[in-house]
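# Summary of structural features
Read off the chains here:
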Amino acid sequence: MINTVEKKKNNMKVLVIVAHPDDEVLGMGGTLAKHSSNGDKIHVVYLTSGITSRRTSGYVNKSEYETNEKDKNLMKKEIDKLKSNSLKSCKILGVKTSIFYNLPDNELDTVPRLKIIKIIEKEILKIKPDVIYTNHYGDLNIDHRLVYESCLTACRPIKNNNPKLIAFGVISSMEWNFPNSFNPNYFVNISKNIKAKIRAMQCYKNEIKKFPHPRSIEGIEITAKKWGSVCGKNYAEAFEIIRIVDE
């Protein structure tokens, strides 16, 4: 099997399909930087806004579902800021294009599944990727699970184009689910890319927490060290191969 991020004569087209802005960095920021350094063309699709589930402005969580008009308007500005942060982060990682769909955050279960699948199918048809990375089916976050299931449907092997399908866990989502079902079988050495991953995450300054929260800078580095210790490297990112059709 050819290493997914091994530098090849013909550069790969990489499609990353995630629920929220910052999933791509938390899950595989180092791997994206490695793809970019190999000359691969990276496209990231964000399916939700990543803000509105908090139900209030100010980047804090409100323990009520209803939202007043003032907070709705302020959250719209925060969504625009999050997009701007995402573009800065993607520039650091060498992402070619970023696509935003603004579906409801943490409420993808209210969106017709067919609509999500069709969005993904459209992007696959447009980009014709060699490999697709997406959220893991075992994450605690409902959006992550639904994005995975929709990708699995959109990537069913019934066409000539059968991209590799690989899932990653998102820090502060994979480790909070019990029982834990993230069992990686593929690791990428990011010892030369950990600094880029951290710089990219620092663009999402309103999403970073203080240690010992796993979404702290220290938590990100510790997680990369943990996966590195599993595979004999200083820093690594972990993935589960879902399907590879070897031509």
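Residues numbered from 1 in each chain as written. Predicted model: local features only at pLDDT ≥ 70, side-chain atom pairs only at ≥ 80, totals over all residues. Heavy atoms only, no water.

### Here's the deal with the overall build of the protein chain
Looking only at helices and strands, one finds six helices and seven strands in the protein chain. Reading the secondary structure of the protein chain in the N-to-C direction produces β-α-β-α-β-α-β-α-β-β-α-α-β. Relative to a compact globule of 247 residues, whose C-alpha radius of gyration would be 18 Å, the protein chain shows 17 Å and is just as compact. If one aligns the C-alpha atoms of the protein chain with their principal axes, the spans along those axes are about 55 × 40 × 35 Å. (Helix = DSSP H or I, 4+ residues; strand = E, 2+ residues; numbered from the N terminus. Rg over C-alpha atoms; globule rule 2.2 N^0.38 Å.)

### So, the pairing of strand E7 (residues 236-243)
Each regular strand displays side chains that alternate between the two surfaces of the sheet. Summarising the sheet, strand E5 (residues 164-168) and E7 pair through four bridges and their orientation is antiparallel. In the sheet register, Ala-167 faces E7, and the bridge partner there is Glu-240. With four bridges connecting them, strand E6 (residues 186-189) and E7 associate as antiparallel partners. Considered in E7, the bridge of Asn-189 is made with Ala-236. (Pairing = 2+ DSSP bridges.)

### A few points about the packing of helix H1 (residues 23-37) against helix H5 (residues 194-202)
Two elements in contact, H1 and H5, have axes whose closest approach is 8 Å; the angle formed by their N-to-C orientations is 130 degrees. Here H1 lies oblique to H5, going by the angle between them. Remark: the crossing between H1 and H5 carries right-handed chirality. On H5, the residues touching Val-25, Leu-26, Gly-27, Met-28, Gly-29, Gly-30 and Ala-33 of H1 are Ala-196, Lys-197, Ala-200 and Met-201. (Axes fitted to C-alpha atoms, helices over the stretch in contact; angles between N-to-C directions. Parallel < 35°, antiparallel > 145°, perpendicular 65-115°, else oblique. Left-handed = near helix turned anticlockwise from the far one by under 90°. Contact = heavy atoms within 4.5 Å.)

### A closer look at empty space enclosed by the protein
Considering all chains together, one arrives at two cavities of 30 Å³ or more under this definition. The volume enclosed by the largest cavity comes to roughly 90 Å³. Lining the largest cavity are 14 residues, and of these Leu-26, Gly-27, Thr-223, Trp-227 and Glu-237 lie nearest its centre. Among the secondary structure elements, those contributing two or more residues to the lining of the largest cavity are H1, helix H6 (217-231) and E7. The greatest single-element share of the lining of the largest cavity, amounting to four residues, is contributed by H6. Per-class residue counts for the lining of the largest cavity are nine nonpolar, three polar and two charged. (1 Å grid on protein atoms, 1.4 Å probe; cavity = no way out; pocket = protein on both sides within 12 Å on 5 of 7 lines; lining within 4 Å. Points joined across faces, edges and corners; volume = space filled by probe spheres on them. Nonpolar A, V, L, I, M, F, W, Y, C, P; charged D, E, K, R; others polar.)

### Observations regarding the environment of Arg-145
Examined against the element boundaries, Arg-145 turns out to sit in helix H4 (residues 142-154). In this structure Arg-145 comes out as partly exposed when scored by relative accessible area, which is 28%. With 95 residues separating them along the chain, Arg-145 and Gly-50 place their C-alpha atoms 15 Å apart. Other than its neighbours up to four places away in sequence, Arg-145 contacts His-136, Tyr-137, Asp-139 and Leu-140. (Buried < 20%, exposed > 50% of the residue type's maximum accessible area, 1.4 Å probe, protein only.)

### Re the nonpolar core
By size, the foremost hydrophobic cluster in this structure holds 42 residues, and its most contacted members are Val-16, Tyr-133, Phe-168 and Phe-239. Ile-116, Ile-119, Ile-120 and Val-147 belong to the second-largest nonpolar core, a separate cluster that totals 23 residues. (Core = buried A, V, L, I, M, F, W, Y, C linked by side-chain atoms within 4.5 Å.)

### Comments concerning unusual backbone geometry
At the junction of Phe-178 and Pro-179, the peptide bond is cis and its omega measures out at -5 degrees in the coordinates. Going from Phe-211 to Pro-212, the amide bond is cis rather than trans, its omega being 15 degrees. Here Pro-212 lies in the loop between H5 and H6. Residue Asp-22 is not a glycine yet carries a positive backbone phi of 105 degrees. Although it is not a glycine, Lys-128 adopts a positive phi angle of roughly 55 degrees. Note on placement: Lys-128 falls in the loop between helix H3 (113-127) and strand E4 (131-135).

### Examining the pattern of salt bridges
Using the criterion set out here, one finds five salt bridges in the structure. For the salt bridge of Arg-113 with Glu-149, the shortest nitrogen-to-oxygen distance reads 3.1 Å. Of this pair, Arg-113 sits in helix H3 while Glu-149 is found in helix H4, placing the two residues 36 residues apart along the sequence. Overall, Glu-149 belongs to the partly exposed group, its relative accessible area being 35%. (Salt bridge = Lys/Arg side-chain N within 4 Å of Asp/Glu carboxyl O.)

### Topic: the environment of His-144
Within the secondary structure layout, His-144 lies in helix H4. On the basis of relative accessible area, His-144 is assigned to the buried category, the value being 2%. When the C-alpha positions of His-144 and Met-174 are compared, they lie 9.7 Å apart, and in sequence the two are 30 residues distant. Setting aside its immediate chain neighbours within four residues, His-144 contacts Ala-19, His-20, Asp-23, Asn-135, His-136, Asp-139, Val-170 and Ser-173.

No statement about biological role is implied by the geometric values presented.
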